[in-house]
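# Descriptive structure summary
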Amino acid sequence: MRESFEEELKSLQQDILQMGSLVESMLAKAVESLKNQDSKLAQEVIKMEEDIDRQEKLIEQNCLRLIATQQPLAKDLRKIVAGFKIITDLERMADYCEDIANITLRLADKPLIKPLIDLPRMSAITQKMVKSALDSYVYEDVELAYKMCKNDDTVDHIYAQIFRELLTYMMEDPKTISQATSLLFTGRYIERIADHATNIGERVIYLVTGEKKELND
Amino acid sequence: MKAGNKVEVKNLNLYYGDHHALKDIKLKIKSHSVTAFIGPSGCGKSTFLRTLNRMNDLIEGVKITGEVCIDEKNIYDDSLDVVALRKRVGMVFQRPNPFPMSIYDNIAYGPRVHGIKKKNILDGIVEKSLCQSALWEEVKDRLHKPALGLSGGQQQRLCIARVLAVEPDILLMDEPTSALDPISTLKIEELVQELKKYFTIAIVTHNMQQAARISDDTAYFLNGEIIEHNDTEVIFTNPQDKRTEDYITGRFG
C-alpha cells in the first residue's frame, strides 16, 4: 500500500540527513578556521551557508507538497511535521556557523590572545550532538535522542568556563576586550547550536511517541 | 440539554443468523458531540449505527444482546415504543431520498403523521427546519415545487430538514456526503458543526479527512469490534493502537 508515498518519506529523511551532515561539517570547518586563522576555510563556510538555505527551501516545499497531496495522518504526519521543524533548526545552526566564520575573517590579521582549546572541545561535543540528533531522527531512536540531550549540560558547562576565563583576560588587559568578546560570542553560538540539537531530539521523541517533551532546561 | 452521556452502549452483540457482526461493543456518546465511526467496508460501523434507532429490527434473522441506553433508558426494552424512538433518533442516508412531493410536503410529512394539522404551525416548522439545515434561502421562493427538482446537495439538506422537523435528540448519518460533490459536502460538514449545538450526532464516513474535520470523537471499527475510541485529535495524530494507525495511514485494506 502507498509504496510511492513510503519512498517519498524515505527520500525526505535522506534529504534532511544530507542537510544535517552539511551543517555538521560547517561547524567543524568554522571552528577550525578560527583556531588556525584560516580565512580561506572561513570563506568556504560562508559559501556553504547558501547551499543550506537552498536545501531548506527545497525540503520545505517537499513537506508542503506531501501534506497537500497525500493528506498524511498519525505517524506519517508527525514524521513530516518533525522534518519541517528540524530543517528550521538546521538552518539556524548553519547561520551560527556562518557567524563564526565571519569572526574568523574579522580576527584574521591579528594574533589570537590565546591558543584555542576549549572552543574546539566544545565544538567537537556539539558536532557529535548534531550527528546523534540526526541519527536518532533517521533510526527513530528515542534512547539516543535522550542520551544526546544529556551532552547539552557538558556544552553549557564548558561555555560557563570559557566565559570566566575570557573575563579574566579582559580584566587584566582591556586591549583584549574586542577579541575576547568575539571569542565569547563564538562560544555562545556553539552553545546555541547544541540547544538546536536538543530541539531536534525533542522532535524525534514527538515523532516516535507522539509526546511533547521539554529537554532544554 | 443535560451534559454528560447521551448514549451508552453496554456489551452489545449482534448476529445476522450465524454471523457475529458486532462483538461486545461498549461505547459512550457525549451529549452535543459529533462522533465519527470509521473502518473498512463490512466492519460493522453502519450496522452499529442502525442499532441506535433499532433499524436492524426490520432485517430478518437479526439477534441482538446487550443494551443501548439513551438518556439512561435501554431502547431494547420490550416496553419501548419504537415509533417514538425513531422520532427521537433521526437518520440521514447515503443517497438523498426525498419523497416525490413538494419541498414543503416533504418536511411537513413527519409532523402531519404526528398529528399536527394547523397550517400556521406547519409553516413555522417548515421554515425553521429549512433554516436549520441551511436550505431556506435557496428554496423559500419555491416551497411548492417538487423536491426532486433540487440538486443532490440540496436534496440531502432537505432530507436533514425532514429529520429535524420532528425535533429529534439524536441525528444518525450514514455516509451522508458520499454521493455529493465537494461543495455540497462542505455545506453538509458546516451544517453538522452548527447542528451539534442542538443535537447529538453520530456519523459513519469513509472519508478520513471528513472524520478529522467534523467529529469530536472517533471510533475505529474492525471485524465487528471497536478497536479504538478516542478524541478525534488523538486518533488522527497519535493513535494508540497499531491497527488504527495502519488503517488511517492507508497501510491496510
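The structure reproduced in this document is the subject of the present report.

Conventions we followed
Residues numbered from 1 in each chain as written. Chains lettered and ligands numbered in written order. Predicted model: local features only at pLDDT ≥ 70, side-chain atom pairs only at ≥ 80, totals over all residues. Heavy atoms only, no water. Pairing = 2+ DSSP bridges. Helix = DSSP H or I, 4+ residues; strand = E, 2+ residues; numbered from the N terminus. Contact = heavy atoms within 4.5 Å. Buried area = accessible area lost by both parts, 1.4 Å probe. Salt bridge = Lys/Arg side-chain N within 4 Å of Asp/Glu carboxyl O. Polar contact = N/O pair within 3.5 Å; in protein donor to acceptor, adjacent residues only side chain to side chain. Nonpolar A, V, L, I, M, F, W, Y, C, P; charged D, E, K, R; others polar. Core = buried A, V, L, I, M, F, W, Y, C linked by side-chain atoms within 4.5 Å. Buried < 20%, exposed > 50% of the residue type's maximum accessible area, 1.4 Å probe, protein only. Expected span 1.5 Å × (residues − 1).

Taken residue by residue, a regular strand's side chains alternate between the two faces of the sheet. All names here are of chain B. Sheet analysis places strand S1 (residues 5-16) next to strand S2 (residues 19-30), joined by 8 bridges and oriented antiparallel. Residue Val9 lies in a different strand from S2, and its bridge partner there is Leu27. Hairpin geometry of S1 and S2 is characterised by an intervening segment of 2 residues between the two adjacent antiparallel strands and by a positive phi of about 60° at Gly17. When S1 meets strand S4 (residues 62-70), the two strands line up antiparallel, connected through 8 bridges. When the bridges of S4 are listed, Leu14 appears paired with Ile64.

Listed as interface residues are 13 residues of chain B and, on the opposing side, 14 residues of chain A. Approximately 1100 Å² of surface area, both sides summed, lies buried where chain B meets chain A, with 48% of it carried by carbon and sulfur atoms. On the surface where chain B and chain A come into contact, there are 2 salt bridges. A salt bridge links Asp76(A) to Arg251(B); the shortest N-O distance between them is 2.7 Å. Viewed at the interface, chain A and chain B are joined by 8 residue pairs in polar contact (both at pLDDT 80 or more). For the side of chain B that touches chain A, the secondary structure elements donating two or more residues are helix H8 (208-214), helix H9 (232-237) and helix H10 (242-248) of chain B. A breakdown of the residues in the side of chain B that touches chain A according to their chemical character gives 5 nonpolar, 6 polar and 2 charged.

With that settled, consider the nonpolar core. Residues and elements named next belong to chain A. If you look at the biggest cluster of nonpolar residues, it comprises 65 residues, and the most contacted ones within it are Ile16, Leu90, Met93, Leu119 and Met122. Put simply, the parts of the chain that give this core at least two residues each are helix H1 (3-35), helix H2 (39-70), helix H3 (74-107), helix H4 (118-138), helix H5 (142-172) and helix H6 (177-209). Of the residues forming this core, the biggest block, 13 residues, is contributed by H3. Not counting chain neighbours up to four residues away, the residues in contact with Met93 comprise Val23, Val130, Ile193, His196, Ala197 and Ile200.

The next point concerns H2(A). Since the α-helix advances by 3.6 residues per turn, residues separated by three or four positions end up pointing in the same direction. Residue and element names in this part refer to chain A. With 32 residues, H2 should reach 46 Å at 1.5 Å per residue; the first-to-last C-alpha distance of 46 Å fits that figure. Between the side-chain oxygen at the start of H2 and the backbone nitrogen of Lys40 there is a gap of 3.1 Å, and the oxygen is on Asp38. Gln71 lies just past H2 and shows a positive phi near 40°.

Residue and element names in this part refer to chain B. A full pass over the atoms with the stated rule returns 35 salt bridges over all chains. Put simply, Asp71 and Lys6 hold a salt bridge, and the shortest N to O gap is 3.0 Å. In this pair, Asp71 is assigned in the loop between S4 and strand S5 (73-74) and Lys6 in strand S1, connecting sequence segments 65 residues apart. Residue classification places Asp71 among the partly exposed residues on the basis of a relative accessible area of 28%.

On to the sheet that holds S4(B). Across the sheet, which stays open at both edges, the 4 strands sit in the order S2-S1-S4-S5 (chain B) with antiparallel pairing between neighbours. Only two strands of the sheet have a single partner each, and these edge strands are S2 and S5 of chain B.

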